[in-house]
Protein chains: 2
Amino acid sequence: MLKVPEHQVAGRQAIDGKLGPLIDNSGHFYKPLQDDDERGTRELTFYHSFSSNTRIPHHIRRFFPVFHGTQLLKASDGSGLRPHLVLQDITSDHLNPSILDIKIGSRTWYLEASNDYIQDCFHKDKTTTTVSLGFRICGLQIYNELGFWKPGRKLVRNFTADDVRSVLSKFVSSNVGPEPDCCFADSVYGGCDGILERLLELKTWFEDQTMYHFRSCSVLLLFDKESFLKGKTPFAEVKLIDFAHVVDGNGVIDHNFLGGLCSFIKFVSQVLADSKGSTMEDKF
Amino acid sequence: MLKVPEHQVAGRQAIDGKLGPLIDNSGHFYKPLQDDDERGTRELTFYHSFSSNTRIPHHIRRFFPVFHGTQLLKASDGSGLRPHLVLQDITSDHLNPSILDIKIGSRTWYLEASNDYIQDCFHKDKTTTTVSLGFRICGLQIYNELGFWKPGRKLVRNFTADDVRSVLSKFVSSNVGPEPDCCFADSVYGGCDGILERLLELKTWFEDQTMYHFRSCSVLLLFDKESFLKGKTPFAEVKLIDFAHVVDGNGVIDHNFLGGLCSFIKFVSQVLADSKGSTMEDKF
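These numbers were taken from a predicted model, which means no experiment stands behind them. (Residues numbered from 1 in each chain as written. Chains lettered and ligands numbered in written order. Predicted model: local features only at pLDDT ≥ 70, side-chain atom pairs only at ≥ 80, totals over all residues. Heavy atoms only, no water.)

J.: Help me out: how do you make sense of the nonpolar core in this one?
T.: As a rule of thumb, soluble globular proteins bury nonpolar side chains together. With 131 residues, the main nonpolar core has F64, Y189 and F214 of chain A together with F64, Y189 and F214 of chain B as its most contacted residues. Leave out the neighbours within four places in its chain, and F214 of chain A touches F46, F64, W205, F206, Q209, F243, H245, V246, D254 and F257 of chain A. (Core = buried A, V, L, I, M, F, W, Y, C linked by side-chain atoms within 4.5 Å. Buried < 20%, exposed > 50% of the residue type's maximum accessible area, 1.4 Å probe, protein only. Contact = heavy atoms within 4.5 Å.)

J.: In this structure, what is going on with the pairing of strand β5 (residues 98–104) of chain B? I would like to understand it.
T.: Every other side chain in a regular strand lies on the same face of the sheet, so the side chains alternate between the two faces. Residues and elements named next belong to chain B. A large share of β5 lies buried, amounting to seven of its seven residues. In terms of strand pairing, β5 meets strand β9 (residues 218–223) through six bridges, oriented antiparallel. Looking at β9, one finds that L100 is bridged to L221. (Helix = DSSP H or I, 4+ residues; strand = E, 2+ residues; numbered from the N terminus. Pairing = 2+ DSSP bridges.)

J.: Quick question: what am I supposed to make of the sheet that holds strand β7 (residues 147–149) of chain B here?
T.: Pairing between sheet strands relies on hydrogen bonds along the backbone, with the strands arranged either parallel or antiparallel. All names here are of chain B. Taken together, five strands build an open sheet; the order of strands is β7-β6-β5-β9-β10 and the sheet is antiparallel. Taken across any chain shown, the strands that pair with only one partner, and hence form the sheet edges, are β7 and β10 (236–241). Direction aside, the axes of adjacent strands within the sheet are offset by 15° on average. Of the strands in this sheet, β5, β6 (135–144), β7 and β9 are in contact with helix α6 (residues 161–171), which crosses β6 at around 35°. (Axes fitted to C-alpha atoms, helices over the stretch in contact; angles between N-to-C directions.)

J.: Whenever I open this one, the state of the cysteines confuses me. Can you help?
T.: Joining two cysteines, a disulfide is a covalent bond between their sulfur atoms. Residues and elements named next belong to chain A. In total, this model carries zero disulfides over all chains according to the counting rule given. Between C121, a cysteine without a disulfide, and C138, which holds the nearest cysteine sulfur, the sulfur-to-sulfur distance is 11 Å. C192 forms no disulfide, and the closest cysteine sulfur to it belongs to C183, at a distance of 20 Å. (Disulfide = S-S within 2.5 Å.)

J.: Help me out: how do you make sense of the relation of the copies chain B and chain A in this one?
T.: The second copy of the chain is related to the first by a rotation about an axis and a shift along the axis. Taken as rigid bodies, chain B and chain A are interconverted by a rotation of 180° and an axial shift of 0.0 Å, the fit giving an RMSD of 0.0 Å. Each copy turns onto its partner about a two-fold axis. Residue G259 of chain B, judged by its C-alpha, is the member of chain B lying nearest the rotation axis, at 2.1 Å. The overlap is high: 100% of the interface residues of chain B also sit at the interface in chain A, so the same surface is used on both sides. (Least-squares fit on C-alpha atoms with pLDDT ≥ 70 in both.)

J.: When you look at the side chain of R215 of chain A in this model, what are you seeing that I'm missing?
T.: All names here are of chain A. With respect to the helices, strands and loops of the structure, R215 is situated in the loop between β8 (212–214) and β9 (218–223). Taking relative accessible area as the criterion, R215 reaches 3% and is therefore assigned buried. In terms of polar contacts, R215 uses its side chain to reach the backbone carbonyl oxygen of W109, at 3.4 Å. For R215, the side chain forms a polar contact with the side chain of D254, separated by 3.2 Å. (Polar contact = N/O pair within 3.5 Å; in protein donor to acceptor, adjacent residues only side chain to side chain.)

J.: Just checking my understanding: could you explain the interface of chain B and chain A for this structure?
T.: When the parts of a complex come together, some accessible area is lost, and that lost area is often used as the size of the interface. Between chain B and chain A, the contact holds 31 residues from the first and 31 residues from the second. Buried surface at the junction of chain B and chain A, both sides included, amounts to about 2400 Å², of which 62% is carbon and sulfur. The largest share of the area that chain B buries against chain A comes from F122, H255 and K266 of chain B, three residues that together contribute 22% of it. Those elements that place two or more of their residues in the side of chain B that touches chain A are α3 (115–127), α4 (129–133) and α10 (255–283) of chain B. The leading source of residues in the side of chain B that touches chain A is α10 of chain B, at nine residues. Looking at the side of chain B that touches chain A residue by residue, the classes come out as 11 nonpolar, 13 polar and seven charged. (Buried area = accessible area lost by both parts, 1.4 Å probe. Nonpolar A, V, L, I, M, F, W, Y, C, P; charged D, E, K, R; others polar.)

Next comes the structure, spelled out in structure tokens:
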């Protein structure tokens, strides 16, 4: 029984007769291969290459959704059978996950792309935080006492640096309102199992790997408050998703992804440091 | 007695009645302030801000030329008196220095610039290695048994990734020809006083500092073979130069510079590793 993913925060959605991904009840995420451009093929090529690549360390493989091949399925837009990538559904183990989808890099285009594509991306990169911060938030949902906060695309696209800081604070807060308490910051961002440690692990790999360049790829942060409060693990996860624009590294590191990742790490570090500062101030 | 710098490898030169920098015999470099645009003012503003900035660690300040204020001097183009920045002449202590000027970053433009400037830079960045490698060599001179090898601007602008590797090998070689011996690689790139260690020191600072964004800024590598052979120090130096396009960091790290710097570090590391590999092969 296939259905529309409940916790999708960005990308094309399988609603209103449109083509989008589907999930089942056994933890699979089915992503349709587009036929209007090379994206689907490129993503499939990446998953094939990556799955069989023996130079990927085990601790890095964990950042990527498990790939189970392709499958012909009835597409969500009613157009009939279509090949779908069969991937791990990252959210399936979590009841009410808070999710941030962050597209990493200060440019989303690549030299191999068409001129129109480059111009489109160039414009979008300049008018979002992509150029200024080296990343942009593409979508999010944050679970709190009132349910999910899931701002619309327009709002998200207009995010400033301060909005990003605010979202990163809300992501690890228990309260709703203009002054997030950041009470989960230490556990979720800090600590040896925290998100910051995972991001630094990724960074170390990106300083060295010259196999792939990840254009327009997202880091997905997931935090499951209920699991955390019940002592279940993992309550926080970091995954990489969306590989439709991965190109050959040609022996050069992915300096675009790495730079953006470092900038994002600095933002998370600052929110963590500020949360400690404010806790200290509260105490004294 | 002012004269045209002997070891300038990039930028505007004070020859054929054109406006360019001058040097004296006491280690000063005089850079004319342009009056046709904001560049000169921006560079002066940067030097003022940087000189008085107490948050710059001592070991980072060493990467920057010493700033001695401004001085009115007869300009090299015969246009009369003009204010010049008075800077440390980095090459003055070296007889026949090999020099690489590497413009760091995968983009040289910035959001605050005019549209024409952005389009100009965008084109140059795509048609050089700036976009692909995250840096480009702007100029160089390498001293060898035949004298200086100083390729022309056109040749340098068309450099590929392989040309960059070749230049980095030649920079630390004693011979001329298609197979550089890299005999100085270990001393110049490696070791605790080597260029790689200096670049990593810079990288650590760029992972943290959010005060300045260095657009179109160069890392200058200098290697003085004679000093090295005579046991004099320093025989290799790393400096940052050209701050006409430094903009406010606004609390964000300079992910553009950092990404490009990491890519350049990887290139240097690979040349160093390859040189060790080939030495091992020679031995066994």
